[in-house]
Amino acid sequence: MNMSSEPSADRPIISCRNLSKIYRMGDQEVHALNRVSLDIWPGEFVAIMGPSGSGKSSLMNLIGALDRPTSGEMWIKGSELSAMSRDELADLRNETLGFVFQQFNLLSRQDALSNVKLPLRYARREISDLDARARECLEMVGLGNRMDHRPMQLSGGQQQRVAIARALVNRPSILLADEPTGALDSRTTAEIMQLLVQLSRQGITIVLVTHEADVAAYASRQIHFRDGDIESDSAAPRTNMLSEQIS
Amino acid sequence: MKLKVASTSALEALISNPLRSLLTMLGIIIGVASVMVMMSIGEGARAQIDAQIASVGSNLLTLNPGGIQRGGRNQGGGSGRPFTEADVTAIADLPFVEAATGVLSGQATAVSEEGNWVTTVQGGGPDYFAVNNWTISEGRLFTDQEARSGSAVVVIGASTVSNLFPNGNAIGQRIRINSVPVEIIGILEAKGQSGGGMGMDRDDTVVGPLSMVRNRIVGGNRWVSRHVSRIQFLVRDGYDIASAQDEVAQLMRDRRKIAPGEADNFSIFNFADMIKQRGAAMNTMSMLLAFTAAVSLLVGGVGVMNIMLVSVTERTREIGLRMAIGARGGDILIQFLVEAVLLCTLGGLIGMSLGWLGAFGAAQVGKWPMSVSPVIIGTALGAAASVGLIFGFFPARRAAQLDPIQALRHD
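Residues numbered from 1 in each chain as written. Chains lettered and ligands numbered in written order. Predicted model: local features only at pLDDT ≥ 70, side-chain atom pairs only at ≥ 80, totals over all residues.

**A closer look at the overall build of chain B**
Piece 1. A count of helices and strands for chain B gives 13 helices and 14 strands.
Piece 2. Across the 411 residues of chain B, 42% fall into the buried class.
Piece 3. Put simply, 82% of the contacts in chain B that link residues at least 6 apart link residues at least 24 apart. (Helix = DSSP H or I, 4+ residues; strand = E, 2+ residues; numbered from the N terminus. Buried ≥ 20, exposed ≤ 12 C-beta atoms within 10 Å, placed from the backbone. Contact = placed C-beta atoms within 7 Å.)

Pasting the structure below:
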């Protein structure tokens, strides 16, 4: 995967500044994220870890432009998300981000190829070779011979591979994986993680949310969350140093 | 491209739940069928009325003598003083009259070698056939010369021919009408049973020269010489029928010496008017069907809206996923709108086939030509698709406005 639109390596591709997310449950306020600042660099493979309720999923939703923060700034490839409209956010998700979910979220009525093609259909710019690109991605995840299978006819690991192919088909800069191996056995987990490592080597930025340490071990950087804040970051010194530079 | 994609996925969604789709379509099916039957009845009835008017002639007026009062009792139309051939000439001389004929009619028994038949005998002038829009199917009409001299020749209607000559070959044959021998010289082109719309068969007739019919078959009038029982005339194209009616009425008042203030002792009858009024009854029926159609489409639309709301709820997760991979609100809106429109259009197509059957049945009952024009098909399908658009919009907008993250978490 050669990203022509990749920003230069000296600026973070994802940047959070004092990011807070407060949910209201009845008359109670839940601080899911508490003034989090974080930079992720192009090509990094980051694992975000933490117990449930630590805020890792909330952060993932904010990075994925699926949710808006209560306060703070969220920058993706140099754009601040709070200034963007719903449609602009949709286009950002389509062009810059790729999602992989724990439950795969494939369309059960359509075969693997159609599932992979789906993001291309929502692309604003004209894409001429939809089929060729979808095939290429399915071959890359090792499912070149199962393109006409429906999700029901595929194993869990294969379904997740289809989902990864779908996430990659529009050549995103960032791949977001939310517990991608949560529904898979350990052998399949290893296969999927090796696929992600391989993608990371090709230059794509990967952010992975997991609560399993052995899954997080595949990543090049581990960030632990607790109570809505960063507890530890294996690349902490570099982040701190450069956070002054960006602001 | 976008629309094609949306309709493919919409079609898949509809097929995956066939019974539900069919039940949802029911209201639309009935509505569209009603629209079709309604419009087809309207068109068919109008065509029938137009055909009837054309067969009579839309600018034909008929003068009948009025009833006379005898001992305080009206003796009915035709019992008054009859018109004369001089009246016919006076009317024919009016500038706006294209053609006029006096008519003398009566019942008579016609006897051929093969059978006998009671029929209506009409005596007419040379213009009789033109005025009544009659054409000949076999043989010839009587000539001016024959009309003037009162030759014993007749032209007979198709029904009379079939009764008198079951084996055909009527031309040149002699028949006896009330014992008077006459020669058949022509057969009239059939106008059909319902012709005048009065339940009478206008093809059951024998037409002969006026003077022959008066002198030899019907008989003269004791007080009025050269009488006719009614006068028919055609108003020239472009001339107002109502004012023609007024002017002829004035002429006849003068000729019959009716003092101002006194009532007419004759009446002018506009056949086309009567047919048109009869057609008005059809409009009432059409209105009723239109109401049925509107109510069915409304109920069908609400059904579609309901099922689309269910569908949106069921597929919330799918909507969330589509949004996560970059679908805009507008994409989702179009997807569900297309689904609703497709559902309704499909129902519309089924309704159209049922409506076609209904229109066919109505045409059989009403005895008018079956008429399903492109306008009808367009209107029926358009109505169905519009219902889909209108009632699909709210559910589709609801889907489009879902919050991506909440939609994704929905289960």
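**What to know about the sheet that holds strand β8 (residues 205-209) of chain A**
All names here are of chain A.
Piece 1. Spatial strand order, β6-β7-β8-β3-β9-β10: six strands in an open sheet with mixed pairing. Each of the sheet's edge strands pairs with one partner strand only, and the pair in question is β6 (97-100) and β10 (229-233). Direction aside, the axes of adjacent strands within the sheet are offset by 20° on average.
Piece 2. Inspection of the sheet shows strand β7 (residues 174-178) paired to β8 by five bridges, in the parallel sense. Pairing of D178 across the sheet is with V209, part of β8.
Piece 3. The strands touched by helix α6 (residues 186-201) are β3 (45-49), β7 and β8; relative to β8, the strand with the most contacts, the crossing angle is about 150°. (Pairing = 2+ DSSP bridges. Axes fitted to C-alpha atoms, helices over the stretch in contact; angles between N-to-C directions.)

**Describing helix α12 (residues 374-400) of chain B**
One turn of an α-helix holds 3.6 residues; hence residues three or four places apart share an orientation.
Piece 1. Of all bends in α12 of chain B, the biggest is about 45°, found at F393 of chain B, and the proline P395 of chain B comes one to four residues later.
Piece 2. Within α12 of chain B the residues assigned to the buried category are I376, A380, A383, A384, V387, G388, F391, G392, P395, A396, A399 and A400 of chain B. (Bend = angle between axes of the 7 residues up to and from the residue.)

**Here's the deal with the packing of helix α3 (residues 85-92) of chain B against helix α8 (residues 241-255) of chain B**
Residues and elements named next belong to chain B.
Piece 1. Interaxial distance between α3 and α8 falls to 11 Å at its minimum, and their mutual angle equals 145°. Judged by the sense of rotation from one axis to the other, the crossing of α3 with α8 is right-handed. Together, D87, A90 and I91 of α3 and V248, L251 and R255 of α8 make up the contact between the two elements. (Left-handed = near helix turned anticlockwise from the far one by under 90°.)

**Comments concerning the nonpolar core**
Piece 1. Residues V46, I48, A165 and I206 of chain A together with V32, M36 and A340 of chain B are the most contacted members of the largest nonpolar core, which totals 127 residues.
Piece 2. No other element matches the 15 residues that helix α11 (residues 329-366) of chain B contributes to this core.
Piece 3. Beyond its immediate stretch of four places on either side in the chain, M36 of chain B contacts M352, G355, W356, G358, A359, V372, I376 and A380 of chain B.
Piece 4. Ranked by size, the runner-up nonpolar core spans 55 residues in total, among them L63, V161, I184 and V235 of chain B. (Core = buried A, V, L, I, M, F, W, Y, C linked by C-beta atoms within 7 Å.)

**Side note on the interface of chain A and chain B**
Piece 1. In this assembly, 18 residues from chain A lie in contact with 15 residues from chain B.
Piece 2. Residue assignment for the side of chain A that touches chain B shows that the elements contributing at least two residues are α2 (86-95) and α3 (112-121) of chain A.
Piece 3. When residues in the side of chain A that touches chain B are grouped by element, the largest group, six residues, is from α2 of chain A.
Piece 4. Grouping the constituent residues of the side of chain A that touches chain B by class yields seven nonpolar, three polar and eight charged. (Nonpolar A, V, L, I, M, F, W, Y, C, P; charged D, E, K, R; others polar.)

**Notes on the environment of Q102 of chain A**
Residues and elements named next belong to chain A.
Piece 1. Take Q102: it is sitting in the loop between β6 and α3.
Piece 2. Among the residues examined, Q102 registers 17 C-beta atoms within 10 Å and is labelled partly exposed.
Piece 3. The spatial distance from the C-alpha of Q102 to the C-alpha of A177 is 7.9 Å, given a sequence separation of 75 residues.
Piece 4. Not counting residues up to four positions away in its chain, the partners in contact with Q102 are D178, E179, P180, G182 and A183.

**Considerations on α11 of chain B**
Piece 1. Along its 38 residues, α11 of chain B runs 52 Å from first to last C-alpha, staying within 8% of the 56 Å computed at 1.5 Å per residue.
Piece 2. K367 of chain B sits one or two positions beyond α11 of chain B and adopts a positive phi of about 55°. (Expected span 1.5 Å × (residues − 1).)

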